Amino acid sequence: METAGRYRAETLKARDRLTPEEREEKSRAICERFFQIIETIPCETIFIYISYRSEVDTHGLIKRLLDAGKTVTVPLVQVSSRKMHAIRLINIENDLVSGYYGIMEPKESILSERIIDHSMIDIVVLPGSVFDEKGGRLGYGGGFYDTFLAEEILASAKRIAFSFDLQVKKRIPQQTHDEPVEYIITEKRVITGVRLGRN
């Protein structure tokens with residue numbers, strides 16, 4: 001069986017080969033599917049990653065969610081403790097600066113007044129390097145999302161992964177700390193009901 005590292009490296013290379021135009025088109029389709037899903041899920045507070053490099057683009061989606069009146073929270077990575085905090089975003093242009101690994105994150109000046117209790121989060125939208133049809137997910141090796149999702153107060157939050165279809169495999173190697181997801185949205189399909197289907 002291929003190792004997780006090999007799956008990750010090969011899949012990210014394939015994702016990086018997408019042209020900007022392809023990423024934009026596929027990202028738009030994924031975001032439209034997401035809006036169709038949340039029409040069926042009661043949700044007010046959404047935790048969503050800020051896209052970086054060749055990930056499924058979320059910048060336009062974040063603006064759309066804000067315009068729709070949703071409470072949008074984004075990650076603040078605390079490297080020393082290997083934790084993530086949810087910070088409320090009000091204006092994507094004014095509230096963010098370059099942070100961990102160059103990923104955009106909330107400005108320090110807004111942290112104290114905008115930090116959100118994780119129990120308020122209804123939906124977690126997360127990225128990843130590779131997924132499988134049983135809800136398995138490989139991140140980028142840091143373990144930040146696995147630690148975040150393992151929090152007991154997030155047990156009721158829906159887990160929705162954004163992925164280009166080329167990142168979805170039949171089955172990938174998983175370790176006990178790898179947290180599964182419930183929905184995987186690609187530009188071609190929505191894979192559902194998979195969080196508890198790892199057996």
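In this report, the structure presented in the accompanying data block is examined. (Residues numbered from 1 in each chain as written. Predicted model: local features only at pLDDT ≥ 70, side-chain atom pairs only at ≥ 80, totals over all residues. Heavy atoms only, no water.)

What to know about the sheet that holds strand β11 (residues 168-169)
Logical step 1: The strand order β9-β8-β11 describes an open sheet built from three strands, whose pairing is mixed. Looking along the sheet, the strands with just one partner apiece sit at the ends: β9 (137-138) and β11.
Logical step 2: In this sheet, β9 lies alongside strand β8 (residues 130-132) in antiparallel orientation, the contact comprising two bridges. Bridging from a neighbouring strand, phenylalanine 131 pairs with arginine 137 of β9. (Pairing = 2+ DSSP bridges. Helix = DSSP H or I, 4+ residues; strand = E, 2+ residues; numbered from the N terminus.)

Side note on the packing of helix α2 (residues 20-38) against helix α3 (residues 59-67)
Logical step 1: The geometry of α2 relative to α3 is characterised by a closest axis approach of 10 Å and an angle of 30° between their N-to-C directions. As for how α2 packs across α3, the hand of that crossing is right-handed. Between α2, through Cys31, Glu32, Phe34, Phe35 and Ile38, and α3, the contact on the second element is made entirely by Leu61, Arg64 and Leu65.
Logical step 2: Here the residues of the contact of α2 with α3 sort into six nonpolar, no polar and two charged. (Axes fitted to C-alpha atoms, helices over the stretch in contact; angles between N-to-C directions. Left-handed = near helix turned anticlockwise from the far one by under 90°. Contact = heavy atoms within 4.5 Å. Nonpolar A, V, L, I, M, F, W, Y, C, P; charged D, E, K, R; others polar.)

Re α3
Logical step 1: Burial in α3 covers these residues: Leu61, Ile62 and Leu65. The buried side chains of α3 occupy one side of the element, clustering within an arc of 100° when seen end-on.
Logical step 2: If you follow the buried residues of α3, they end up packed against α2, β1 (45-48), β2 (71-78), β3 (83-89) and β10 (158-162).
Logical step 3: In the stretch just after α3, glycine 69 is the one whose phi turns positive, near 85°. (Buried < 20%, exposed > 50% of the residue type's maximum accessible area, 1.4 Å probe, protein only. Arc of directions from axis to C-beta.)

Concerning the pairing of β10
Strand residues, when the strand is regular, have side chains that alternate between the two faces of the sheet.
Logical step 1: With four of five residues buried, β10 is to be regarded as a mostly interior element.
Logical step 2: Strand direction decides the pairing type here: β10 and strand β12 (residues 183-185), joined by three bridges, are parallel. Paired with alanine 161 across the strands is isoleucine 184, a residue of β12.

Concerning the environment of aspartate 132
Logical step 1: Structurally, aspartate 132 can be placed in strand β8.
Logical step 2: In this structure the C-alpha to C-alpha distance between aspartate 132 and glutamine 167, which are 35 residues apart in sequence, comes to 8.2 Å.
Logical step 3: A polar atom in the side chain of aspartate 132 sits 2.9 Å from the backbone nitrogen of lysine 134. (Polar contact = N/O pair within 3.5 Å; in protein donor to acceptor, adjacent residues only side chain to side chain.)

In short, the description is geometric, and any link to function would need to be established separately.
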